[in-house]
Amino acid sequence: MNWLIGAVGALIVASSAYRKQSLTGSGAAAAVLMGTIYYGAGNLFWFGTLLLFFITSTALSKYRQSSKHELEKSYAKTGNRDAGQVFANGGIGMVLCLLHFINPHEAWIFLFIGVMATVTADTWATEFGSLSRKPPRSILNGKQLPAGTSGGVSWLGSTAAAMGGAVIGGGAWLFGLWSGLESDLIAFIIAGLLGGLAGAFTDSLMGATVQKMYRCTVCGKAVEVHQHCGKETKRSGGWSWMTNDAVNLISSLIGGLVAWLVAGAL
């Protein structure tokens, strides 16, 4: 029955997101598969936490969208997520859900909180940070950067990242409570907060150093996409395999590890 509930619930959410152009066709299909597994192999704790990330991130991507439209042209990730982005954001959590299904252990739970806190913190930081009136600064040397540059951080974006991680921690605790999971609210919030921040800053650090980047031949801006200003961009640096999705996966693992270590220390 849980598998059926998960499939129906995921189909409803994915269909709505597809109609609102928050998911592409492949992204919707991936979301249905993922949601089915999250609820079928898990319960409301897993599915609800995933849903909390998706709903808040989608809502923020639509908030003042016209003000962020130009910056989004530089990003590999946009508000319209495809299957690659869906799995990059929720794939590790899905694996952790299955591992917990096979061999229940508290470690999977806190690793999951850190992973989801990371993708939420990163998304919140991007969405709020792009609205900052002050230009971002390089995470490497503190120098000012053009808005939308990978590796740029701001106080507004960093604060949003902390809030996103804490929201995931608190939400996960609530969904866990409803699912019969005995847990400590403070531990969940702190694990989400610190795990999310660690993952988000790892994402920025990798974006500034090893992520595959391109340069626009028209405006000269460093971007993550193959086309900018209507022209093909040129490869400018980073590792050839280190795409934005790969950065998301690695930073999520770091965030999950930090959340697990923090929870163990509390």
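Our subject in this report is the structure included herewith. Keep in mind the model is a prediction, meaning the values are calculated, not measured. (Residues numbered from 1 in each chain as written. Predicted model: local features only at pLDDT ≥ 70, side-chain atom pairs only at ≥ 80, totals over all residues. Heavy atoms only, no water.)

What the protein chain contains, in helices and strands, is nine helices and seven strands. If you line up the protein chain on its principal axes, its C-alpha atoms span 55 × 40 × 35 Å. The buried share of the protein chain, taken over its 266 residues, is 51%. Pairs at least 24 apart in sequence give 71% of the contacts found in the protein chain among residues at least 6 apart. Of the roughly 12,500 Å² of accessible surface on the protein chain, 65% is carried by carbon and sulfur atoms. (Helix = DSSP H or I, 4+ residues; strand = E, 2+ residues; numbered from the N terminus. Buried < 20%, exposed > 50% of the residue type's maximum accessible area, 1.4 Å probe, protein only. Contact = heavy atoms within 4.5 Å. Areas by Shrake-Rupley, 256 points an atom, 1.4 Å probe, with all protein chains shown as cover.)

Of the pockets and cavities examined, the largest pocket occupies roughly 530 Å³. As for the largest pocket, its lining consists of 32 residues, of which A125, T126, T149, G152 and S204 are closest to the centre. Sorting the residues of the lining of the largest pocket by element identifies α6 (106-129), β2 (152-153), α7 (155-178) and α8 (185-209) as the ones contributing at least two each. Ranked by residue count, the leading element in the lining of the largest pocket is α8, at six residues. Here the lining of the largest pocket is built from residues that sort into 11 nonpolar, 16 polar and five charged. Computed from the structure, the second largest pocket encloses a volume of approximately 280 Å³. If you trace the second largest pocket, you find it lined by S132, K134, P135, R137, Q144, V153, S154, W155, L156 and S158. Looking at which element gives the most residues to the lining of the second largest pocket, the answer is α7, with three residues. Among the residues making up the lining of the second largest pocket, the classes are represented as four nonpolar, four polar and two charged. (1 Å grid on protein atoms, 1.4 Å probe; cavity = no way out; pocket = protein on both sides within 12 Å on 5 of 7 lines; lining within 4 Å. Points joined across faces, edges and corners; volume = space filled by probe spheres on them. Nonpolar A, V, L, I, M, F, W, Y, C, P; charged D, E, K, R; others polar.)

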